[in-house]
Structure formats: C-alpha cells, structure tokens
Amino acid sequence: MSVEVGTELPEHVFRITRADLVRYAGASGDFNPIHWNDRTAAAVGLPGVIAHGMFTMALAGRAVTAWTGDPGALVEQHVRFGRPVVVPDDDRGAEVTVTGTVGAVLDDGRHRIDLTVTSDGEKVLSLARAIVRLA
C-alpha cells in the first residue's frame, strides 16, 4: 500500500449497545458497574452508563486495521480519554465515529495515523494516534 501525508482513512461508524458493554466486560474482566448500572453511574456523577474507555480505543484500532487490511500492521496506539461515551438503555445505543489521516511517514515503512474519535458530536479520545507498518 502506497500512502502519503494527508491520505485519509475512510470513516467508520460503530454502534455500541448495552449488550456490547456486557460482552466487553466479560472479555476484559472489567465489571465496574458504571458500565452497566444507571444508578451507580449517576451516583458517581456520570450522565449515564458509559462505554469502557479501552473498548472505545479498540474501536479506533479496528478502524485502522480495516484500512490496512492487516491487524498485524498496527504496531502502536496512543490515546487520551477525553469524554465518556454514554450508552443509553435503548435499542439504538450510542454511535462512535472514527476518522483518520496519515500525519507522518516514518522510517522502516511506518506511518503515523492521526485519529479523530467522536460520539454525539463530541471528541471522546484526544491525542489519538496509531503507528502502522505498511508492506
């Protein structure tokens, strides 16, 4: 794959439901009730049940690997958790949108991907970057 600075990744939109949060909790072992219980989330000042930050980060990684076509091409990923993704208790859940642009061509076939990850019009991950090695 030949890419240059400014190359845009296709937009990916992911829907997250409460069922996804339950599945992620089981896979990750993170059963913190802020990810499934409205009362607990409200008691700690959250606007509602929120998605696991690492789940949101994984969705960003998934968008990158979909673009590369090779999960092994993702060699580094960095984010700062900015805002929570609130997941309503309904059939629609929440949407997370991931876009990206090649921000730098590095050595050894590596490229830095600058990511924008939003939900409900708000940036939820800041300083989101991935390093990929392209063949």
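**A few points about the overall build of the protein chain**
Scanning the protein chain for helices and strands turns up three helices and five strands. Put simply, the protein chain runs from its N terminus to its C terminus through helices and strands in the order β-α-α-α-β-β-β-β. Over its C-alpha atoms the protein chain spans a radius of gyration of 16 Å, differing by no more than 12% from the 14 Å that the globule rule assigns to 135 residues. In terms of overall dimensions, the protein chain has a C-alpha envelope of 50 × 30 × 25 Å along the principal axes. Buried positions account for 41% of the 135 residues belonging to the protein chain. Considering only residue pairs separated by 6 or more positions, the protein chain has 64% of its internal contacts joining residues 24 or more positions apart. A total accessible area of about 7400 Å² is found for the protein chain, and carbon and sulfur atoms account for 50% of it. Across the protein chain, the centroid of the 13 positively charged side chains sits 4 Å from that of the 17 negatively charged ones.

**What about the layout of surface pockets?**
Considered as a void within the structure, the largest pocket measures approximately 280 Å³ in volume. When residues of the lining of the largest pocket are traced back to their parent elements, those giving at least two are strand S3 (94-105), strand S4 (110-119) and strand S5 (122-133). The element best represented in the lining of the largest pocket is S3, accounting for three residues.

**A word on helix H3 (residues 53-68)**
Between its first and last C-alpha, H3 extends 23 Å over 16 residues, near the 22 Å set by a 1.5 Å rise per residue. Phe55, Thr56, Met57, Leu59, Ala60, Gly61, Ala63, Val64, Thr65, Trp67 and Thr68 are the residues of H3 that are buried. Directly beyond the C-terminal end of H3, a positive phi value near 80° is found at glycine 69.

**What about the nonpolar core?**
By size, the foremost hydrophobic cluster in this structure holds 28 residues, and its most contacted members are Ile16, Trp67, Val85, Val98, Ile113, Leu115 and Val117. Broken down by element, the residue count for this core peaks at six residues, all from H3.

**A look at the pattern of salt bridges**
Within this structure, the stated rule accounts for eight salt bridges. For glutamate 95, the salt bridge is made with arginine 15, and the minimal N-O distance between the two is 2.5 Å. Here the residue glutamate 95 occupies a position in strand S3, and arginine 15 occupies one in strand S1 (residues 8-16), the gap between them amounting to 80 residues. Residue arginine 15 is classed as partly exposed on the basis of its relative accessible area of 34%. Several salt bridges share partner residues, and in doing so they unite Arg112, Asp114 and Arg129 into one network.

**Re the sheet that holds strand S2 (residues 74-81)**
Spatially, the five strands line up as an open sheet ordered S1-S3-S4-S5-S2, and their pairing is antiparallel. With partners counted over all chains shown, the strands left at the sheet margins are S1 and S2, one partner each. Mean inter-strand twist for the sheet, computed between neighbouring axes without regard to direction, equals 20°.

**Observations concerning the environment of glutamine 77**
For glutamine 77, the position within the fold is in strand S2. The spacing of glutamine 77 and valine 64 is 13 residues in sequence and 9.9 Å in space, taken between C-alpha atoms. If we ignore the near neighbours within four places in the chain, the residues touching glutamine 77 are Met57, Ala60, Gly61, Arg129 and Ala130. From its side chain, glutamine 77 meets the backbone oxygen of methionine 57 in a polar contact 2.9 Å long.

What counts and how
Residues numbered from 1 in each chain as written. Predicted model: local features only at pLDDT ≥ 70, side-chain atom pairs only at ≥ 80, totals over all residues. Heavy atoms only, no water. Helix = DSSP H or I, 4+ residues; strand = E, 2+ residues; numbered from the N terminus. Rg over C-alpha atoms; globule rule 2.2 N^0.38 Å. Buried < 20%, exposed > 50% of the residue type's maximum accessible area, 1.4 Å probe, protein only. Contact = heavy atoms within 4.5 Å. Areas by Shrake-Rupley, 256 points an atom, 1.4 Å probe, with all protein chains shown as cover. Lys, Arg positive; Asp, Glu negative; His and termini not counted. Charge placed at Lys NZ, Arg CZ, Asp CG, Glu CD. 1 Å grid on protein atoms, 1.4 Å probe; cavity = no way out; pocket = protein on both sides within 12 Å on 5 of 7 lines; lining within 4 Å. Points joined across faces, edges and corners; volume = space filled by probe spheres on them. Expected span 1.5 Å × (residues − 1). Core = buried A, V, L, I, M, F, W, Y, C linked by side-chain atoms within 4.5 Å. Salt bridge = Lys/Arg side-chain N within 4 Å of Asp/Glu carboxyl O. Pairing = 2+ DSSP bridges. Axes fitted to C-alpha atoms, helices over the stretch in contact; angles between N-to-C directions. Polar contact = N/O pair within 3.5 Å; in protein donor to acceptor, adjacent residues only side chain to side chain.

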